[in-house]
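# Report on the structure
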Amino acid sequence: MKISARVLDGTYGKPAAGVHARLTRATESTWTSIAVMETDENGLIEDWDSWNLERGLYQVVFDSDRYFASLGTIAAYPEVVIMFRMVDDAHAFQVQVILAPYAYSTYFSICDEGR
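Described below are features of the structure shown in this document. (Residues numbered from 1 in each chain as written. Predicted model: local features only at pLDDT ≥ 70, side-chain atom pairs only at ≥ 80, totals over all residues. Heavy atoms only, no water.)

## Quick look at the pairing of strand 7 (residues 80-86)
If a strand is regular, its side chains alternate between the two faces of the sheet. Of the two faces of strand 7, the one holding Val 80, Ile 82, Phe 84 and Met 86 is buried and the one holding Val 81, Met 83 and Arg 85 is not buried anywhere. Two strands pair when backbone bridges link them, and strand 6 (residues 56-62) and strand 7 are joined in this way by seven bridges, in the antiparallel orientation. Paired with Phe 62 across the two strands is Val 80, which belongs to strand 7. (Buried < 20%, exposed > 50% of the residue type's maximum accessible area, 1.4 Å probe, protein only. Helix = DSSP H or I, 4+ residues; strand = E, 2+ residues; numbered from the N terminus. Pairing = 2+ DSSP bridges.)

The following block contains the structure:
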């Protein structure tokens, strides 16, 4: 199983470059940090693809506060936390987020097999 992320800036209609994100996995009664990354110039985090992840409950925490502060504005949601379950070993998955200072939208997609 592989996971990637894509972040778009809904205010400016472009990829959100430089968004810090933390991938964590549920283990017993806590969340274990797996990796901390930053979106590239295309708003992508693909490095998580190199991790061989197991089935389970995960979350990605996007630091929208830092991102919007770098653009000179304040975000109503300082962090956007997307929790999801990976249940199928045969696919690669992508967490997609559209950020704006006072709103966000998310979509979880299944990518092609053998990506």
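## Notes on unusual backbone geometry
Here Glu 28, not a glycine, exhibits a phi torsion of approximately 50 degrees, which is positive. Tracing the backbone through its elements, the reader meets Glu 28 in the loop between strand 3 (20-27) and strand 4 (30-38).

## Some points on the pattern of salt bridges
Inspection of every chain in the model, using the stated rule, returns two salt bridges. Close ionic contact of Arg 25 with Glu 54 constitutes a salt bridge, the shortest N to O distance being 3.8 Å. Residue Arg 25 is found in strand 3, and its partner Glu 54 is found in the loop between strand 5 (44-45) and strand 6; the two are separated by 29 residues along the sequence. (Salt bridge = Lys/Arg side-chain N within 4 Å of Asp/Glu carboxyl O.)

## Concerning the sheet that holds strand 4
Read from one edge of the open sheet, four strands run 4-3-6-7, paired in antiparallel fashion. Sheet topology places strand 4 and strand 7 at the edges, where each strand pairs with a single neighbour. Neighbouring strand axes in the sheet, compared pairwise and without regard to direction, differ in orientation by 25 degrees on average. (Axes fitted to C-alpha atoms, helices over the stretch in contact; angles between N-to-C directions.)

## Brief notes about the packing of aromatic side chains
Each pair of aromatic rings is reported with the distance of its centres and the angle of its planes. This structure, assessed with the given rule, holds five aromatic pairs. Measuring from ring centre to ring centre gives 5.0 Å for Tyr 67 and Phe 68, while their planes differ by 70 degrees; the resulting arrangement is edge-to-face. Looking at Tyr 67, the relative accessible area reads 4%, which means it is buried. A ring pair is formed by Tyr 77 and Tyr 104, whose centres lie 5.2 Å apart and whose planes are at 90 degrees; its orientation type is edge-to-face. With Tyr 77 in the loop between helix 1 (64-70) and strand 7 and Tyr 104 in strand 9 (residues 103-110), the pair connects residues that are 27 residues apart, well separated along the chain. Using a relative accessible area of 39% as the deciding quantity, one classes Tyr 77 as partly exposed. Judged by its relative accessible area of 37%, Tyr 104 is partly exposed. Grouping aromatic residues by their ring pairs yields a cluster made of Tyr 58, Phe 84, Phe 93 and Phe 108. (Phe/Tyr/Trp six-rings, centres within 6.5 Å; stacked < 30°, edge-to-face > 60°.)

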